[in-house]
Amino acid sequence: MNPGSEIVQLRKDHHDAPQPSPTPRVTLVVPVYNEEASIAIFLDRITQVITDIGPSIRFDILFVNDGSRDKTERLILAEAVKRDDISLINFSRNFGKEAALTAGLHHATGDAVIPLDVDLQDPPEVMVEMIRLWQGGAKLVNARRVRRDADTWLKRVSAGSFYRIFNALAEKPIPRDVGDFRLMDREVVQAIRQLGERSRCNKALFAWVGFETEEVTYERPPRAAGESQWNYWKLTKLALDAIFSSSTMPLRIWTYVGVGMAFVSLFYSAFLILRTLAFGIDVPGYASTVILVLVFGGLNMFALGIIGEYVGRIYTEVRQRPLYVVRSHHVAPKADL
Ligand code: UDP
Ligand code: MG
């Protein structure tokens, strides 16, 4: 068995047992990739919010270091030895934010989990309202950003079309403008842990599991420090992952296209036969033949590409590789049950 998945398994068994806890504890899951510039600012602000919330809720912070090549790991460890509430998982290389988040959900031990970006684009103050709704009985509290001013025009438009296409195709729509920032009760985390697929888009999975959901809204500020690791290539890949792993509609579309084409061909053939009977044989049409060949060739290639997407995904699923490999793990005394 692969070492990564073994660790996941051990820890999972360890944490699945019911734990009576007097004060509820929230685990903040923070994926980090080359974020040396953000760690200190993030911890300052988080510590302030935790202090403001007071002793009615306990917190622990779980950093998932997604193969950073800068001082991120050293900075976090230096803080972790000073206080009792910081855990750190180090990946063996960069596996991407979705994998980091998944690792966080596998290892989080709190009664609720809140994923946060380290660049403070998910304002920690919003957690106050999330926790209030959670204590009022909500199992999932989504945070929806009200304005996307911090994003470029292109990002807004592409995000908009993604939601439209995804929600038209998938069985459970993704709420618009809700990122990974949200509060998840233990039960929701447990349900998500059971979803074993390799090509993941967490947003789509969060929407799929259901549960009683509430929503808070916030304004998304620009990054506090450092640079975004995302680019349009990664975002496109994530969007395709989300669509192809949540829906088989793109495959079925070809059935409809096929039926449509069959009808059109039928009428066109009838027309050709009648015309030949009425007016005799015309000069053979080069243009129409070439156009038909090109159109059908193009459609065939496209359909093959779509089928390829699914075959590729089946291949990644059957390989059963773990989503990430853990190189080392520091557990905060506070998070160790
Ligand atoms: N991140 C990560 N692995 C990656 C890319 C990003 O763990 O390969 C983390 C990053 O450190 C940050 C969060 O994911 O905490 C969001 O990344 P970023 O701010 O670059 O994305 P954006 O806000 O631009 O969507
Ligand atoms: Mg960001």
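Before any of the text, the structure's been laid out above.
These numbers were taken from a predicted model, which means no experiment stands behind them.

Engineer: Just give me the short version of the coordination of the magnesium ion (ligand 2), but keep the residues and values in it.
Structural biologist: For the magnesium ion (ligand 2), the full set of protein donor atoms is Asp-119 (OD) and Gln-121 (OE1), and the range of their distances to it is 1.9 to 2.0 Å. A relative accessible area of 14% places Gln-121 in the buried class.

Engineer: Mind laying out the site of ligand 1, listing which residues take part and the relevant values?
Structural biologist: Every one of the 19 residues lining ligand 1 counts as a neighbour, but Glu-35, Asp-66, Asp-119, Ser-228 and Trp-230 are closest to it. Here an oxygen atom of ligand 1 and a backbone polar atom of Val-118 are 3.2 Å apart. Gln-121 is positioned with one of its side-chain polar atoms (N or O) 2.7 Å from an oxygen atom of ligand 1. When isolated, ligand 1 has an accessible area of 530 Å², and the protein chains bury 93% of it.

Engineer: Explain the side chain of Asp-85 to me, and be specific about the residues and the numbers.
Structural biologist: For Asp-85, the position within the fold is in the loop between helix 3 (72-82) and strand 3 (86-91). Looking at Asp-85, its side chain comes within polar contact range of the side chain of Arg-83, at 2.9 Å.

Engineer: Describe in detail helix 8 (residues 202-209), supporting the description with residues and values.
Structural biologist: For helix 8, the tally of buried residues reaches seven of eight residues, placing the bulk of the element in the interior. Taken residue by residue, helix 8 has Asn-202, Lys-203, Ala-204, Leu-205, Phe-206, Ala-207 and Val-209 as its buried positions. Buried residues along helix 8 sit against helix 4 (97-107), strand 5 (140-145), helix 6 (153-169), strand 6 (178-185), helix 7 (186-193) and helix 9 (232-246).

Engineer: Can you lay out the packing of aromatic side chains for me, pointing to particular residues and giving the numbers?
Structural biologist: Taken as a whole and judged by the stated rule, the model has nine aromatic pairs. Note on Phe-42 and Phe-63: the rings are 5.9 Å apart at their centroids and 70° apart in plane angle, and the pair reads as edge-to-face. Of this pair, Phe-42 sits in helix 2 (residues 39-53) while Phe-63 sits in strand 2 (residues 58-65), and the two are 21 residues apart along the sequence. Each member of the pair Phe-42 and Phe-63 is classed as buried. In textbook terms, an aromatic cluster arises when at least three aromatic residues are bridged by ring pairs, as seen for Phe-91, Phe-95 and Tyr-324.

Engineer: Pulling in residues and values, what's your account of the environment of Ala-204?
Structural biologist: Turning to its location among the elements, Ala-204 is positioned in helix 8. Residue classification places Ala-204 among the buried residues on the basis of a relative accessible area of 7%. On a C-alpha basis, the gap between Ala-204 and Arg-74 in space is 33 Å, while along the polypeptide they are 130 residues apart. Not counting residues up to four positions away in its chain, the partners in contact with Ala-204 are Phe-166, Ile-174 and Ser-246.

Engineer: Lay out the pattern of salt bridges in plain terms, naming residues and giving numbers.
Structural biologist: This model, assessed by the stated rule, comprises 13 salt bridges. Here Glu-125 and Arg-45 are joined by a salt bridge, their closest N and O atoms 2.8 Å apart. Of this pair, Glu-125 sits in the loop between strand 4 (112-115) and helix 5 (127-135) while Arg-45 is found in helix 2, placing the two residues 80 residues apart along the sequence. Note on Glu-125: relative accessible area 38%, which makes it partly exposed. Connected through shared salt-bridge partners, Lys-237, Asp-241, Glu-309 and Arg-313 make up one network.

Engineer: Let's hear about the pairing of strand 5: which residues, and what values?
Structural biologist: Across the six residues that make up strand 5, a large majority, five, are buried. Here strand 5 pairs with strand 6 via four bridges, running antiparallel. Bridge pairing in strand 6 places Asn-142 opposite Arg-182. Note that strand 5 and strand 7 (residues 213-218) share six bridges and pair parallel. Each residue of the ladder has a partner; that of Val-141, found in strand 7, is Glu-214.

Engineer: Give a detailed account of unusual backbone geometry, specifying residues and quantitative values.
Structural biologist: For Asn-34, which is not a glycine, the phi torsion comes out positive at approximately 50°. When its relative accessible area of 25% is taken as the criterion, Asn-34 is described as partly exposed. Of note in the backbone geometry, Leu-120 takes a positive phi value of approximately 65° without being a glycine. Mapping Leu-120 onto the fold places it in the loop between strand 4 and helix 5. Overall, the relative accessible area of 5% leaves Leu-120 in the buried class.

Definitions and limits used
- Residues numbered from 1 in each chain as written.
- Chains lettered and ligands numbered in written order.
- Predicted model: local features only at pLDDT ≥ 70, side-chain atom pairs only at ≥ 80, totals over all residues.
- Heavy atoms only, no water.
- Donors = N, O, S within 2.8 Å, 3.2 Å for Na, K, Ca; no water.
- Buried < 20%, exposed > 50% of the residue type's maximum accessible area, 1.4 Å probe, protein only.
- Near = heavy atom within 4 Å.
- Polar contact = N/O pair within 3.5 Å; in protein donor to acceptor, adjacent residues only side chain to side chain.
- Areas by Shrake-Rupley, 256 points an atom, 1.4 Å probe, with all protein chains shown as cover.
- Helix = DSSP H or I, 4+ residues; strand = E, 2+ residues; numbered from the N terminus.
- Contact = heavy atoms within 4.5 Å.
- Phe/Tyr/Trp six-rings, centres within 6.5 Å; stacked < 30°, edge-to-face > 60°.
- Salt bridge = Lys/Arg side-chain N within 4 Å of Asp/Glu carboxyl O.
- Pairing = 2+ DSSP bridges.

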